[in-house]
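# Observations on the model geometry
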Amino acid sequence: MWFASPADVRERLGAVDYLSDDSIATSVFLAGALGKPLLAEGPAGVGKTQLAKAVATATGARLIRLQCYEGLDEARALYEWNYKKQLLRIQAGQGESWDATHDDIFTEEFLLERPLLAAIRSETPVVLLIDETDKADVEVEGLLLEILSDYQVTIPELGTIAAVRRPYVVLTSNATRELSEALKRRCLYLHLEYPTPERERDIVLARVPGIEADLAEQLARTVATMRSLELKKAPSVAETVDWANTLIALGRTELDEEAIGATLGVVLKHASDQTRARKELGL
Amino acid sequence: MSLLDRHVGFVHALREAGLPVSPAEGLDAVEALRVIDLTERESLRAAYAATLVKRPSYRPGFDILFDLWFPATTSDPGAGRGTAPADGENEQGGENRPDGGNAGGGAGGPDLENAAVPELRDRLAELLLGADGMDGFARAMVERFGRLPAGTGRQKWFSFPVMRTLSPETLMARLLAEVLGGRERGGLAEKVARQRIGENIRRFEDAVGTDVRRRIAEESGIEPIARSSVRPPLEQLDFLRITRTDLARLRREVHPLARRLASRLTVKHCLGHRGRLDFRRTVRASLSSGGVPLTTFNRPRRPHRPELVVLCDVSDSVASFAHFTLLLTYALREQFARVRAFGFVDTVDEITRFFAPGADVVEAMTRLTKEADMVRFGRTNYGYALERFAERYGDAVGPKTSLLILGDARSNYQPPALETLGRLAGAARHAYWLNPEPVAQWDTGDSLATAYGGVVPMRECRNVTQLAAFVEDLA
């Protein structure tokens, strides 16, 4: 059992500075209770990866991370034979019969574990984070399907390796590519949106030590207003936190037009977005 | 209605509204119901959402249906409204009785059942500034103002009398003055406050709408109202029937969409991402291991990027379609180096320059309509536009180019210039025509769909789903 109830999720994630809302708490709880992978999708910087890390910290589990990218293949994701070592072994055992060598070079000793296999074989509780699933090629999804539905891997030379204990799986995606229906069907789905100003204020308060509640409130409201403009890249939660840190470092206690103008680059990273914000917000 | 019946009815309604809910997902939802606390309504909602709703655009429809099948409250049949006695329907969905008077009264507000309208507006103003209890207030207001008599002994529920009586929009000026407290108008503070109050007004409208639907459902059953109140998800909306608000939503969607489409294009090209073996490099590297090629090296694949020429009908008859495709062009332009866009009504102009990478999309659209030279008489003339295109920009189309024509092929009975189109299509590597009209309407009236379709393969493209399917084939 990972969590006792959604309320338990809220409390324990809160203890490691991850503030959840109803849907986050319930989905995280269900993923543990039903033993299903959790697919967290949403714009960049709303705390998807952070969620997996928080679950790991809160439950004391080991975090294993598979970062997806274009061209990721089985050898990088699952396992690989350490063939340099195998070659050495063959050379060292000259005069040995082929059968003996053959049995010898396909054993644990020569197996290079990659994140997915490591997560399956781990004896201790594991949170498996499959990050930016949408960046990987479609073939990787096929690989994931097998692992996520049965929690087992087949290695031809060793046989089928089933999970000793089910890892807690979190997949993240920025939705740059539509994931396959089959993968989505196997997962619980959590759409993470930008937090409400109230929640964002609390996040800033939790993450930025020494910030005044009033300034945090102003920040959260201003960022919410920026997100309502049509920007190319809306400010993420992480950027709000950065902004708060910047203001603290500059010794500002008030978020007025001048302070925003001076620090706009911390939250808006496109020239056209900055121009737009200056115009719309009257800076 | 038992919980199981309710679950089945709900899942059925979701499917009817266009959400693909597989039996396996339905079972997941049931599993989830077994482990959560069913009296926590928001948990229940989240559990259903996590197991059944796997795409953000389905969420608004889901929420409407959820509120109908699992209402937050049920009307008290004894409250003298003269409705039919409870038939078991009212037992389900939560113990909390309408907290009408309490919600307002608890916070020191007026008595919601008898207070005069100005008092109620004061209370609403507080709520719009962020006080708690909006849902209870909305329910009480629907109870008081939302009912209109309809025939003998029947009644109907509406949102508009509630909104007209309380008119939250007219509170804005007063609220702004209150929030700003003497600070100057027009600046950032006002923007922020306006945004926050506007958000709360929308929440109030939603709460009223939800309660009105709930009451209608109690009187005449859930299914009819469910069917009429859920709009199809964004990607299934018809381009030609899109409303202004949808367009704004669509605009927010279009960037991730274009990125998705573009990444699909690139994904296709990267299949077989390992190029040819780099023999020399492999041999050189094998020297250190005594001639055994332990590591092989491949030559990087040469990236292949198709050039895209978009020819887009921007006349009024396809205005929303054009608006959308222009946005898409803009987004694609940011992803690809070689996209050229041309707009036409009865003459044609290159509009690529308005969509320079980094340009502001809203501004680009305004400048486009003002500056581009696409209209002579204001009536679509495909034939003339094509001739002009071939004449002025014919060299844009070459053997590497994919030519994409967007329009309804309605040419106001002008000569079609099929031959010119044939020459253009022949010069291009591929040519496609996307038509936003349903196939059934092709060839009616002045439509030349089949004639043009004979020269350039024509596809129906009425919504985002069809467009995405097309772009997948494009590569």
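Just so it is clear, the structure is predicted and the values come from calculations on it, not from any experiment.

### Some thoughts on the overall build of chain B
Helix and strand counts for chain B come out as 19 helices and eight strands. Residues counted as buried form 49% of the 475 residues belonging to chain B. Long-range pairs, those at least 24 residues apart, make up 70% of the contacts in chain B with a sequence separation of at least 6. Summing over all exposed atoms, chain B offers an accessible surface of approximately 22900 Å²; the carbon and sulfur share of this is 52%.

### Regarding the interface of chain B and chain A
At the junction of the two partners, chain B supplies 46 residues and chain A supplies 45 residues. When the two sides are added together, the surface that chain B and chain A hide from each other amounts to roughly 3900 Å², 57% of it contributed by carbon and sulfur. Our count for the chain B to chain A interface comes out at three salt bridges. Across the pair B:Asp28 and A:Lys36 runs a salt bridge, and its minimum N-O distance is 3.2 Å. Elements with a minimum of two residues in the side of chain B that touches chain A: α2 (23-35), α3 (41-52), α10 (188-220), α12 (244-270), α14 (319-335) and α15 (361-371) of chain B.

### Regarding helix α17 (residues 418-427) of chain B
Residue and element names in this part refer to chain B. Looking at α17, one finds that the buried residues are Thr420, Leu421, Leu424 and Ala425. Projection of α17 onto a plane perpendicular to its axis shows the buried side chains occupying an angular sector of 135°, all on one side. Facing away from the buried surface of α17 by more than 90 degrees, the exposed residues are Glu419, Arg423 and Gly426. Buried residues belonging to α17 abut α16 (382-393), β6 (401-406), β7 (430-435) and α18 (449-455).

### Quick notes on the packing of helix α10 (residues 197-207) of chain A against helix α12 (residues 237-249) of chain A
All names here are of chain A. It is at 10 Å that the axes of α10 and α12 come closest, and there the two elements cross at 55°. What the angle tells us is that α10 and α12 run oblique. Of the two elements, α10 crosses α12, and the hand of that crossing is right-handed. Contact with α10, carried on its side by Glu200, Ile203, Val204 and Arg207, involves Val237, Thr240, Val241 and Ala244 of α12 and no other residues of that element.

### Considerations on the pattern of salt bridges
Here the structure, examined in full by the defined rule, presents 47 salt bridges over all chains. B:Lys191 is the partner of A:Glu280 in a salt bridge, and the nearest nitrogen-oxygen pair spans 3.8 Å. Pair noted here: A:Glu280 is in helix α14 (residues 271-281) and B:Lys191 is in helix α10, and the two residues belong to different chains. Here A:Glu280 falls in the partly exposed class, since its relative accessible area comes to 27%. Assessed through its relative accessible area of 30%, B:Lys191 is described here as partly exposed. Residue B:Arg215 pairs with B:Glu143 through a salt bridge whose shortest N-O separation is 2.9 Å. Here B:Arg215, found in helix α10, pairs with B:Glu143, found in helix α7 (residues 134-145); they are 72 residues apart in sequence, far enough to count as distant. The exposure class of B:Arg215 is buried, given its relative accessible area of 4%. Bridged by salt links that share partners, the residues B:Arg41, B:Glu42, B:Arg45, B:Arg59, B:Asp63 and B:Asp67 form one connected network.

### Section: the environment of A:Arg207
All names here are of chain A. As for its position among the elements, arginine 207 is in helix α10. Arginine 207 sits in the partly exposed class, given a relative accessible area of 40%. Residues arginine 207 and threonine 154 lie 53 residues apart in sequence; the distance between their C-alpha atoms is 43 Å. With sequence-adjacent residues up to four places away left out, arginine 207 is seen in contact with Asp17 and Val241.

### A closer look at the sheet that holds strand β5 (residues 348-350) of chain B
Residue and element names in this part refer to chain B. The sheet built from six strands is open, its strands ordered β5-β4-β3-β6-β7-β8 with mixed pairing. Edge positions in the sheet fall to β5 and β8 (458-460), since each has one partner strand and no second. The average angle at which neighbouring strand axes cross in this sheet is 20°, direction not considered. Here β6 runs beside β7; their pairing, made up of five bridges, is parallel. Along β7, the bridge assignment pairs leucine 404 with tyrosine 432. Strand contacts of α16: β3 (307-313), β4 (339-344), β5 and β7, with the helix running at about 40° to β5, the strand carrying the most contacts.

### Let's talk about the sheet that holds strand β1 (residues 38-41) of chain A
All names here are of chain A. A sheet is described by the order of its strands in space; here five strands give the open sequence β2-β5-β8-β1-β9, paired in parallel fashion. The outermost strands of the open sheet, each flanked by one partner alone, are β2 (62-67) and β9 (188-191). Going across the sheet, the axis of each strand differs from the next one's by a mean of 20°, ignoring polarity. Two strands pair when backbone bridges link them, and β1 and β9 are joined in this way by four bridges, in the parallel orientation.

### Quick notes on the domain arrangement of chain A
Residue and element names in this part refer to chain A. Here chain A is described as being made up of domain 1 (6-73 + 115-191) and domain 2 (197-281). For domain 1 and domain 2, the distance between their C-alpha centroids amounts to 31 Å. Each partner contributes to the roughly 640 Å² buried at the junction of domain 1 and domain 2, and carbon and sulfur atoms together form 56% of this total. Considering only the side of domain 1, the residues that lose the most area to domain 2 are Asp17, Leu19 and Gly45, jointly responsible for 65% of the buried surface there. Where domain 1 touches domain 2, the interface holds one salt bridge. Among the ionic pairs, aspartate 21 bridges to arginine 199, the shortest N-O distance being 3.6 Å. Linking domain 1 to domain 2 there are two residue pairs in polar contact (both at pLDDT 80 or more).

### Some details on the pairing of strand β8 (residues 168-173) of chain A
Residues and elements named next belong to chain A. The buried fraction of β8 is high, at six of six residues. Burial of β8 is two-sided: the residues Tyr168, Val170 and Thr172 facing one way and the residues Val169, Leu171 and Ser173 facing the other way are all buried. As paired strands, β1 and β8 are joined by four bridges and run parallel to one another. The residue of β8 that forms the bridge with leucine 38 is valine 170. Strand direction decides the pairing type here: strand β5 (residues 126-131) and β8, joined by four bridges, are parallel.

### With respect to helix α11 (residues 213-228) of chain A
Between the first and last C-alpha of α11(A) there are 23 Å, a value that for 16 residues agrees with the 22 Å anticipated at 1.5 Å per step. Within α11(A), 12 of the 16 residues are buried, leaving the element largely enclosed by the surrounding structure. For α11(A), the complete set of buried residues consists of A:Leu215, A:Ala216, A:Gln218, A:Leu219, A:Ala220, A:Arg221, A:Thr222, A:Val223, A:Ala224, A:Thr225, A:Met226 and A:Arg227. Taken together, the buried residues of α11(A) touch α10, α12, α13 (257-263) and α14 of chain A together with α10 of chain B.

### A closer look at the UniProt feature "domain: AAA+ ATPase" (unreviewed entry) in chain A
Here the UniProt-annotated "domain: AAA+ ATPase" (unreviewed entry) positions come out as residues 34-198 of chain A. As annotated, residues 34-198 of chain A has a helix share of 38% and a strand share of 24%, and its two end C-alpha atoms lie 31 Å apart.

### Digging into the packing of aromatic side chains
Overall, the coordinates contain 21 aromatic pairs over all chains when judged by the stated rule. On the basis of an interplanar angle of 85° and a centroid distance of 5.0 Å, the ring pair of A:Trp81 and A:Phe106 is categorised as edge-to-face. Of this pair, A:Trp81 sits in strand β3 (residues 79-81) while A:Phe106 is found in the loop between α6 (98-105) and β4 (111-113), placing the two residues 25 residues apart along the sequence. Geometrically, the ring pair formed by B:Phe10 and B:Phe66 is edge-to-face, given 6.1 Å between the ring centres and 70° between the ring planes. Pair noted here: B:Phe10 is in helix α1 (residues 3-16) and B:Phe66 is in helix α4 (residues 59-69), with a separation of 56 residues, a long-range link.

### With respect to a nonpolar patch on the surface
The grouping of A:Leu87, A:Ile90 and B:Val292 at the surface amounts to a nonpolar patch, some 200 Å² of accessible area in total. Structurally, A:Ile90 can be placed in helix α5 (residues 83-92).

### Focus on the nonpolar core
Taken as a class, soluble globular proteins show a tendency for nonpolar side chains to be buried jointly. Counting 59 residues, the largest nonpolar core has A:Val28, A:Tyr168, B:Phe10, B:Tyr48, B:Phe62, B:Leu65 and B:Trp69 as the members making the most contacts within it. Sorting elements by how many residues they give to this core places helix α2 (residues 22-34) of chain A first, with seven residues. Those residues in contact with A:Val28 that lie beyond four places of it in its chain are A:Phe3, A:Val9, A:Leu38, A:Leu51, A:Val55 and A:Tyr168.

Thresholds, definitions, all that
- Residues numbered from 1 in each chain as written.
- Chains lettered and ligands numbered in written order.
- Predicted model: local features only at pLDDT ≥ 70, side-chain atom pairs only at ≥ 80, totals over all residues.
- Heavy atoms only, no water.
- Helix = DSSP H or I, 4+ residues; strand = E, 2+ residues; numbered from the N terminus.
- Buried < 20%, exposed > 50% of the residue type's maximum accessible area, 1.4 Å probe, protein only.
- Contact = heavy atoms within 4.5 Å.
- Areas by Shrake-Rupley, 256 points an atom, 1.4 Å probe, with all protein chains shown as cover.
- Buried area = accessible area lost by both parts, 1.4 Å probe.
- Salt bridge = Lys/Arg side-chain N within 4 Å of Asp/Glu carboxyl O.
- Arc of directions from axis to C-beta.
- Axes fitted to C-alpha atoms, helices over the stretch in contact; angles between N-to-C directions.
- Parallel < 35°, antiparallel > 145°, perpendicular 65-115°, else oblique.
- Left-handed = near helix turned anticlockwise from the far one by under 90°.
- Pairing = 2+ DSSP bridges.
- Domains from an automatic or database assignment.
- Polar contact = N/O pair within 3.5 Å; in protein donor to acceptor, adjacent residues only side chain to side chain.
- Expected span 1.5 Å × (residues − 1).
- UniProt positions renumbered as here; feature names shortened; annotations may be inferred.
- Phe/Tyr/Trp six-rings, centres within 6.5 Å; stacked < 30°, edge-to-face > 60°.
- Patch = residues over 30% accessible without salt bridge, like charges linked within 9 Å, V, L, I, M, F, W, Y side chains within 5 Å.
- Core = buried A, V, L, I, M, F, W, Y, C linked by side-chain atoms within 4.5 Å.

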